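Structural overview
These are the residues of each chain, in order.
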Amino acid sequence: MTTDGALVIGGEYRGLGIVRSLGRRGIPVWVLTDEHLIAGTSRYARRHLPWPNADSDLQVRFLLALAKEHHLDGWAIFPTGDETAALVARYHEILAER
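Residues numbered from 1 in each chain as written. Predicted model: local features only at pLDDT ≥ 70, side-chain atom pairs only at ≥ 80, totals over all residues. Heavy atoms only, no water.

Section: the pairing of strand β1 (residues 6–9)
Burial along β1 is two-sided: the residues A6 and V8 and L7 and I9 are all buried. Sheet topology places β1 next to strand β2 (residues 29–33); 4 bridges connect them, and they run parallel. Paired with V8 across the strands is V31, a residue of β2. Each parallel crossover has a hand, and the one from β1 via helix α1 (residues 13–23) to β2 is right-handed. As paired strands, β1 and strand β4 (residues 76–79) are joined by 4 bridges and run parallel to one another. (Buried < 20%, exposed > 50% of the residue type's maximum accessible area, 1.4 Å probe, protein only. Helix = DSSP H or I, 4+ residues; strand = E, 2+ residues; numbered from the N terminus. Pairing = 2+ DSSP bridges. Right-handed = clockwise from strand over helix to strand, strands pointing away.)

Here it is, written out as structure tokens:
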């Protein structure tokens, strides 16, 4: 797996815009979908997985395990909503390790 890529958290139209913008530039993009699936079905989304609807500790463990299992170290995280932006900001130091 390449070290240049992006995880988009959220499958709604905001996520779709990010997926299209990065995908057109050849950047690998994976989408972590919630109840919205549109971004995950874009031709530029290389993969889509369900985003756990759980507490923030579980979500951070999910992101760290995903990065480890699929060698996504160095990939950027693009949160598309207030809750996921707050999560990434709160756990920035831990997430930045991967």
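Considerations on helix α3 (residues 82–90)
Of the positions making up α3, those classed as buried are T84, L87 and V88. All buried residues of α3 lie within an arc of 95° about the axis, which places them on one face of the element. Turned more than 90 degrees off the buried face of α3, the exposed positions are D82, A89 and R90. Next to the buried residues of α3 lie β1, α2 (56–70), β4 and α4 (92–96). (Arc of directions from axis to C-beta. Contact = heavy atoms within 4.5 Å.)

Here's the deal with unusual backbone geometry
For H71, which is not glycine, the phi torsion reads 55° and is therefore positive. By the element assignment, H71 lies in the loop between α2 and β4.

Some details on the environment of V29
One can find V29 in strand β2. Taking the C-alpha atoms as reference points, V29 and I18, separated by 11 residues in sequence, lie 9.0 Å from one another. Excluding anything up to four places from it in sequence, V29 contacts A6, V8, V19, L22, G23, Y44, A45, R46 and R47.

Regarding α1
Taken together, the buried positions of α1 are occupied by G15, L16, V19, L22 and G23. For α1, the angular spread of the buried residues around the axis is 140°, confining them to a single face. Buried residues in α1 make contact with β1, β2, β3 (45–50) and β4.

Examining the side chain of T84
Structurally, T84 is set in helix α3. Residues contacting T84, with those up to four places away along its chain left out, are I9, W51 and P79.

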